[in-house]
Amino acid sequence: MLDLKPSATSRSLAIAPGVEHARGKAPASLAVPIYKEELWTSRQRQGNALHEISYRGCFKPQLPNYFLERLSAEADVVYDPFSGRGTTAIEAALLGRRVVANDINPLSAILTRPRLEVPDLADIQVRLRSLRIRASAGADIDLSMFYNRRTESEIVTLRDYLRRRREAREEDAVDRWIRMVATNRLTGHSPGFFSVYTLPPNQAVAPDDQLRINRKLGQKPPYRDTRALILRKSVQLQGQLSASDRERLRSAAARAIFLCADAAATRALPAGGVQLTVTSPPFLDVVQYARDNWLRCWFNGLDAEAVGERITMARTPEEWAASMSRVFAELYRLTAPGGWVAFEVGEVRRGAIRLDEIVVPVGINAGFDCGAVLINAQRFTKTANIWGVENNRLGTNSNRIVLFRKPD
Ligand SMILES: C[S@@+](CC[C@H](N)C(=O)[O-])C[C@H]1O[C@@H](n2cnc3c(N)ncnc32)[C@H](O)[C@@H]1O
């Protein structure tokens, strides 16, 4: 169970007006205790380096870890319907839980599954060495603003190789690992990435914007040794894995379920099997997942626009509430009696909209009991400081978690 001290800031939660409810009318306020504490920052262990794959809107591993350790046991099924880079899935697997991960963006499983299967570094090195770079290989789109000509031919050779292996159904865990790392290394803001200096790796700017960045900084894409960079990142990712971590990951990989569906329509998953869900949905239309991922989609042969059309982009709180009502109905079906849902949301529109106030009645209407709203009293992240973004104002990392339990 949670070891929360009743905090001075606990109070009744006012329910935002205008919220549509699936069943019945919600009261104007609900007595939901709000705990504002430093839940995991000061006590936290450093997250395992295996998590260090960037993705827009990802949460830190300490967040799922906090709930996994308190609300689930070994071999329990842990689910994330909006899995992103798979933070919940990887942390759950490291703790010996069974993993179910869903995301409507196919990049999610591409970035997550290989980190459960973790191949040996020696095998990755051999596979990379076996690639024959075609110096004449060029992309079907203009990428000259991001890549040196030689770098581009290496990327295109790798892309073609991975496509052939997949089409021939010969893709194995080593290929999938290389695909995941290469996808992560495509663009970024240091020489550890394939591209010339650009935005951080979870956002790819449009080609015209990159041309402007290059002009402003007077830069030309330098050559990057893509295979050396893939190997270096692989060493970093695997650097903290013990033999028993590898064993737990392998066993989770063998039983893991990856789904690429709307979180509200996951019929492929059986009812009542999930002990704990730890998740974070899109916050209205704050993050443009499709636009930010266009280059990652290109590398993986995915249609970024088609992916974008499927992603939930609610323009208003009412639209968002309606969409989350459908998700909660599905979560209720999937959750075991006595099971938990930890649902992380933020403040958006500079704090004017508090999504936790919308989520509480939505979850209750679906049949859950709402135990608490937990606010991690943590002010800034490293990334936020680097990019001059004050997270508390933009509400992209305020860590408000609404905790629900399905009655026994
Ligand atoms: C806030 S991010 C989750 C990040 C994740 N917690 C992590 O640590 O990487 C929200 C995710 O929801 C996905 N998504 C958006 N609409 C969806 C839908 N209708 N069904 C399932 N996933 C969706 C997006 O692709 C994105 O990966």
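Whatever comes next refers back to the structure up there.
Each residue is numbered by its place in its chain's sequence as written, counting from 1. The predicted origin of the model limits local features to residues at a pLDDT of at least 70 and limits the giving and counting of side-chain atom pairs to 80 or more, whereas totals for whole chains, interfaces and linings rest on all residues. The side-chain figures draw on all heavy atoms in the structure; neither hydrogens nor water molecules are used.

### What about the site of the ligand?
Applicable threshold: Summary of the distance rule: residues count as near a molecule or strand when at least one heavy atom falls within 4 Å of that molecule or strand. Counted as a polar contact is a pair of N or O atoms within 3.5 Å, where, for protein atoms, one must be capable of donating a hydrogen and the other of accepting one, and residues adjacent in sequence contribute only when both atoms are in side chains. The protein chains shown are the only cover counted for residues, whose accessible areas, like all others here, come from Shrake-Rupley with a 1.4 Å probe. Amino acids are sorted into nonpolar (Ala, Val, Leu, Ile, Met, Phe, Trp, Tyr, Cys and Pro), charged (Asp, Glu, Lys and Arg) and polar (every other residue, Gly among them).
The local shell around the ligand holds 23 residues, among which Tyr55, Arg85, Thr87, Asp103 and Thr312 are the closest. Arg85 places a main-chain nitrogen or oxygen 2.8 Å from an oxygen atom of the ligand. Within the contact set of the ligand, a nitrogen atom lies 2.9 Å away from a backbone nitrogen or oxygen of Ala263. Relative to its unbound accessible surface of 600 Å², the ligand loses 99% to contact with the protein. Its residues assigned to classes, the shell around the ligand comprises 12 nonpolar, 8 polar and 3 charged.

### As for the side chain of Arg179
As a reminder of what qualifies: Runs of E in the DSSP output that reach at least two residues are strands. Runs of H or I that reach at least four are helices, and both are numbered from the N terminus. Throughout, a contact is declared for two residues whenever any of their heavy atoms are within 4.5 Å.
Tracing the sequence through the fold places Arg179 in helix 7 (residues 173-185). At 3.4 Å, the side chain of Arg179 and the backbone oxygen of Leu162 are in polar contact. In this structure, Arg179 is in contact with Ile110, Leu162, Arg163, Arg166, Glu171, Phe299 and Asn300, ignoring residues within four places of it in sequence.

### Some thoughts on the packing of aromatic side chains
Let me state the cut-off plainly: Each Phe, Tyr or Trp ring (for Trp, its six-membered ring) is paired with any other whose centre lies within 6.5 Å, and the angle between the two planes then decides the class: stacked below 30 degrees, edge-to-face above 60, tilted in between. We call a residue buried when its accessible area falls under 20% of the maximum for its residue type, exposed when it is over 50%, and partly exposed in between, using a 1.4 Å probe and counting protein chains only.
Applying the stated rule across the entire model yields 8 aromatic pairs. Each ring, one from Phe328 and one from Phe343, has its centre 4.7 Å from the other, and the planes form 50 degrees; the classification is tilted. Note that Phe328 is positioned in helix 14 (residues 317-334) and Phe343 in strand 8 (residues 335-345), a separation of 15 residues in sequence. You'll find Phe328 and Phe343 in the same group, each marked buried. Seen in terms of ring centroids, Tyr332 and Phe368 are 5.3 Å apart; in terms of plane orientation they differ by 80 degrees. Their pairing is edge-to-face. Of this pair, Tyr332 sits in helix 14 while Phe368 sits in the loop between helix 15 (355-366) and strand 11 (369-376), and the two are 36 residues apart along the sequence. Judged by its relative accessible area of 2%, Phe368 falls in the buried class.

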